[in-house]
Amino acid sequence: MADKKFYITTPIFYPNAKLHLGHAYTTTLSDILARYHRLMGEKTYFLTGSDENTQKMVEAARKEGKEPLVFLDEIVSKFSSLFKELDISYDQFIRTTDQKAHWPGAQKLWGKLADSGDIYKKGYEGLYCVGHEAFITEKDLVDGKCPDHGTVPEFLKEENYFFKLSKYTEPIKAKILSGELEICPQSRRNEILALLEEGLEDVSFSRPRKADWPQGLGVPVPGDNSQVMYVWCDALANYITALGYANEGDLYKTFWPANVQVLGKDILRFHAAIWPAMLISAGVPLPKALLVHGFITSGGKKMSKTLGNVIDPEELLAEYGTDAVRYFLARHISPFEDGDITREAFKDAYNADLANGLGNLVARIMKLAEDNLERGARPEPEEFPHEYTDALKKFEVNKAADVIWERIKLLDQQITDTAPFKVIKTNPEEGKELILALTQELYGIGRMLNPFMPTTSKIIKEAIVNNKKPGNLFVRKE
Ligand code: MSP
């Protein structure tokens, strides 16, 4: 088991604004999986980062009257402080303006596509939506505007390099059908297979370097400095550039192909069509699986800055704490469907599952243990229940959390049924046995909580193993 490896990635985030709870979801879901695989003793590498070579970011910076690269650093440092507060255990944060870590790999990949004869130059005339950072067609518009962003697209007429995506329709289909590239859940797999059925069209893969872009923004196309790579081309490359694809060093050799790449359903096409095509063209193995999650909605609509319905994760973190936010995202949102979040639902779950549920259980058992057991009780670590490991293998983090809360309920019932607080008075030995059994069960719960609520898991372990008082874990909110 020790030499089994696990490589997991998140999409890299657009640094045009602060991250909202929807973005925090992608990252937390990935973190739970990364921590689970580490807990299983696998050699794990967890990558996240920021997607910086974008028009979106330049426009956001100018709106605030800031130099794009200064603005960028400010926003990206907010990303890392949010991830720190959310206890995200990433091993690397890749920035696509990083000329050492990212550019050489992105340029090498471009070179491979060119070597395969898959890059050609062509005049392009069409529409570009800055919100999507993608070309869009007349028929996608509603009242002349992009329906997702409510903005009028730019009209472009320019010379671009194109990537022969059309050539890869059949090869990608074959990889998906054979299971070599797994797409989870099934509904998203069907969606992409339907798209492939229609056939893929070639995509523009570069843009003329914009006069108002500062030096250092946009990865230059090898051999043509007047062009920079289309942002999705350099962005997707991050998953291998970060590992040192440029020199194919140890990190790359150890961890690529990724075991799972996590993404939201809005960027499925990029990850399940363009990305595999690039890899096949370059002779690089495909990731083993794509985990495609739904949207966090608020009031039934996708949480997004454009719609103005975002919940700021910082606010929730300040009020409820890291583990409570992680808990809510893990248990109350299905990774495969959209999930609505309201502040009310959050508070109810906090009070029922954490203050009254887990927090109360820990307090009850630890009080009994402190009063009645000798110091240093050390239960043997138990095996994980297979419903828990099976769920996590299938990325069903909410179901794995259900298994934990089922145990919490049972253990609560066990205290009531066995009444050790009474037994201890009449038969101290038997009473101690009962309490020891409770601490052992609680220890198991603490271990299962590790990927979900790392701090709480540690507090429970320290309480049982080292007799450190757990304190009042989750204070009820009125
Ligand atoms: N930069 C691209 C990804 C490039 S990866 C090579 C991008 N960035 S993003 O910042 O817009 O989104 C990052 C991730 O957050 C995506 O997986 C996206 O689906 C996710 N989410 C953004 N809003 C979301 C919700 N409201 N709910 C859940 N996830 C959401 O796309």
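Residues numbered from 1 in each chain as written. Predicted model: local features only at pLDDT ≥ 70, side-chain atom pairs only at ≥ 80, totals over all residues. Heavy atoms only, no water.

Asks: An account of the overall build of the chain is requested, with residue identities and associated values reported.
Replies: Along its length, the chain carries 17 helices and 16 strands. Against the globule reference of 23 Å for 478 residues, the chain gives a C-alpha radius of gyration of 25 Å, in line with a compact fold. Taking the principal axes of its C-alpha atoms as reference, the chain extends roughly 90 × 45 × 40 Å. Among the 478 residues that make up the chain, the fraction classed as buried is 56%. Put simply, of all contacts in the chain between residues at least 6 apart along the chain, 77% involve residues at least 24 apart. In the structure as shown, the chain presents an accessible area of about 20600 Å², 50% of it carried by carbon and sulfur atoms. (Helix = DSSP H or I, 4+ residues; strand = E, 2+ residues; numbered from the N terminus. Rg over C-alpha atoms; globule rule 2.2 N^0.38 Å. Buried < 20%, exposed > 50% of the residue type's maximum accessible area, 1.4 Å probe, protein only. Contact = heavy atoms within 4.5 Å. Areas by Shrake-Rupley, 256 points an atom, 1.4 Å probe, with all protein chains shown as cover.)

Asks: Can you lay out the pattern of salt bridges for me, pointing to particular residues and giving the numbers?
Replies: The tally for this structure, following the rule as stated, stands at 33 salt bridges. Note that Asp-31 and Arg-35 form a salt bridge whose closest N and O atoms lie 2.8 Å from each other. One end of the pair, Asp-31, and the other, Arg-35, are both in helix α1 (residues 21–39), 4 residues apart, so they sit about a helical turn from each other. We note that Asp-31, like Arg-35, is buried. Measuring nitrogen to oxygen at the nearest pair gives 3.6 Å for the salt bridge that ties Asp-266 to Lys-302. You can see Asp-266 sitting in the loop between β12 (260–264) and α9 (268–282) and its partner Lys-302 sitting in strand β15 (residues 301–302), a full 36 residues away along the chain. A residue is classified by how much of its surface remains accessible, and Lys-302, at 32% relative accessible area, is partly exposed. (Salt bridge = Lys/Arg side-chain N within 4 Å of Asp/Glu carboxyl O.)

Asks: Help me get a handle on the pairing of strand β11 (residues 224–229), residues and values and all.
Replies: Judged from the 3 bridges that link them, strand β9 (residues 206–208) and β11 form a sheet pairing that is antiparallel. Its bridge partner being in β11, Pro-208 is matched across the sheet by Gln-227. (Pairing = 2+ DSSP bridges.)

Asks: Go over the site of the ligand, please, and point to the residues and values.
Replies: If you check the shell around the ligand, you find 25 residues, and the closest are Ile-12, Asp-51, Gly-264, Asp-266 and Ile-296. At 2.6 Å from a nitrogen atom of the ligand is found a side-chain nitrogen or oxygen belonging to Asp-51. A distance of 2.9 Å separates an oxygen atom of the ligand from a polar backbone atom of Gly-264. Alone, the ligand offers 660 Å² of accessible surface; in the complex the protein occludes 96% of this. Top element by residues in the shell around the ligand is helix α7 (residues 231–241). It accounts for 5 residues. Its residues assigned to classes, the shell around the ligand comprises 13 nonpolar, 9 polar and 3 charged. (Near = heavy atom within 4 Å. Polar contact = N/O pair within 3.5 Å; in protein donor to acceptor, adjacent residues only side chain to side chain. Nonpolar A, V, L, I, M, F, W, Y, C, P; charged D, E, K, R; others polar.)

Asks: Before we move on, can you summarise the environment of Gly-216 with the specific residues and values?
Replies: Among the structural elements, Gly-216 can be located in the loop between β9 and β10 (220–221). In this structure Gly-216 comes out as buried when scored by relative accessible area, which is 14%. Those residues within four positions of Gly-216 in sequence are excluded, and the remaining contacts are Asn-53, Thr-97, Gln-99 and Trp-103.

Asks: Mind laying out the layout of surface pockets, listing which residues take part and the relevant values?
Replies: Here the second largest pocket is characterised by a volume of approximately 280 Å³. Lining of the second largest pocket is provided by 16 residues; of these, Lys-4, Phe-6, His-37, Glu-42 and Lys-393 occupy positions nearest its centre. Breaking the lining of the second largest pocket down by element, the ones donating at least two residues are β1 (5–9), α1 and α13 (386–393). Classifying every residue of the lining of the second largest pocket gives 8 nonpolar, 2 polar and 6 charged. Two domains each put at least three residues into the lining of the second largest pocket: domain 1 (5–294) and domain 2 (342–466). (1 Å grid on protein atoms, 1.4 Å probe; cavity = no way out; pocket = protein on both sides within 12 Å on 5 of 7 lines; lining within 4 Å. Points joined across faces, edges and corners; volume = space filled by probe spheres on them. Domains from an automatic or database assignment.)

Asks: Can you tell me about the packing of aromatic side chains, naming the residues and giving the values?
Replies: Counted by the stated rule, this structure contains 29 aromatic pairs. Summarising the aromatic geometry, the rings of Phe-83 and Tyr-90 are spaced 6.3 Å apart at their centres and angled 70° between planes, so their arrangement reads as edge-to-face. Residue Tyr-90 is classed as partly exposed on the basis of its relative accessible area of 27%. Ring geometry for Trp-256 and Trp-275: centres 6.1 Å apart, planes at 70°, overall edge-to-face. (Phe/Tyr/Trp six-rings, centres within 6.5 Å; stacked < 30°, edge-to-face > 60°.)

Asks: Please set out the packing of helix α4 (residues 103–115) against α7 residue by residue, giving values where relevant.
Replies: Two elements in contact, α4 and α7, have axes whose closest approach is 9 Å; the angle formed by their N-to-C orientations is 110°. Accordingly, the angle class assigned to the pair α4 and α7 is roughly perpendicular. Contacts between α4 and α7 involve Gly-105, Ala-106, Leu-109 and Trp-110 from the first element and Cys-233, Ala-237, Ile-240 and Thr-241 from the second. When its residues are assigned to classes, the contact of α4 with α7 shows 6 nonpolar, 2 polar and no charged. (Axes fitted to C-alpha atoms, helices over the stretch in contact; angles between N-to-C directions. Parallel < 35°, antiparallel > 145°, perpendicular 65-115°, else oblique.)

Asks: I'd love a proper account of the sheet that holds strand β5 (residues 134–136), names of residues and values included.
Replies: One open sheet holds the 4 strands; their spatial order is β5-β4-β6-β8, and the pairing between them is antiparallel. The open sheet has two edge strands with one neighbour each: β5 and β8 (203–204). Bridge count between strand β4 (residues 119–129) and β5: 3 bridges; the pairing is antiparallel. Paired with Cys-129 across the two strands is Ala-134, which belongs to β5.

Asks: Quick rundown of the domain arrangement of the chain? Include the residues and the values.
Replies: How big an interface is tends to be reported as the loss of accessible area on association of its parts. Assigned domains within the chain: domain 1 (5–294) and domain 2 (342–466). Placing a centre on the C-alpha atoms of domain 1 and another on those of domain 2 gives a separation of 41 Å. Taking both sides of the interface into account, the surface hidden between domain 1 and domain 2 amounts to around 1200 Å²; carbon and sulfur atoms contribute 79%. The largest share of the area that domain 1 buries against domain 2 comes from Ile-32, Tyr-36 and Leu-39, three residues that together contribute 45% of it. Joining domain 1 to domain 2, the criterion identifies 0 salt bridges. Breaking the side of domain 1 that touches domain 2 down by element, the ones donating at least two residues are α1 and β13 (289–293). Per-element tally for the side of domain 1 that touches domain 2: the top contributor is α1, with 6 residues. Its residues placed into classes, the side of domain 1 that touches domain 2 shows 10 nonpolar, no polar and 2 charged. (Buried area = accessible area lost by both parts, 1.4 Å probe.)

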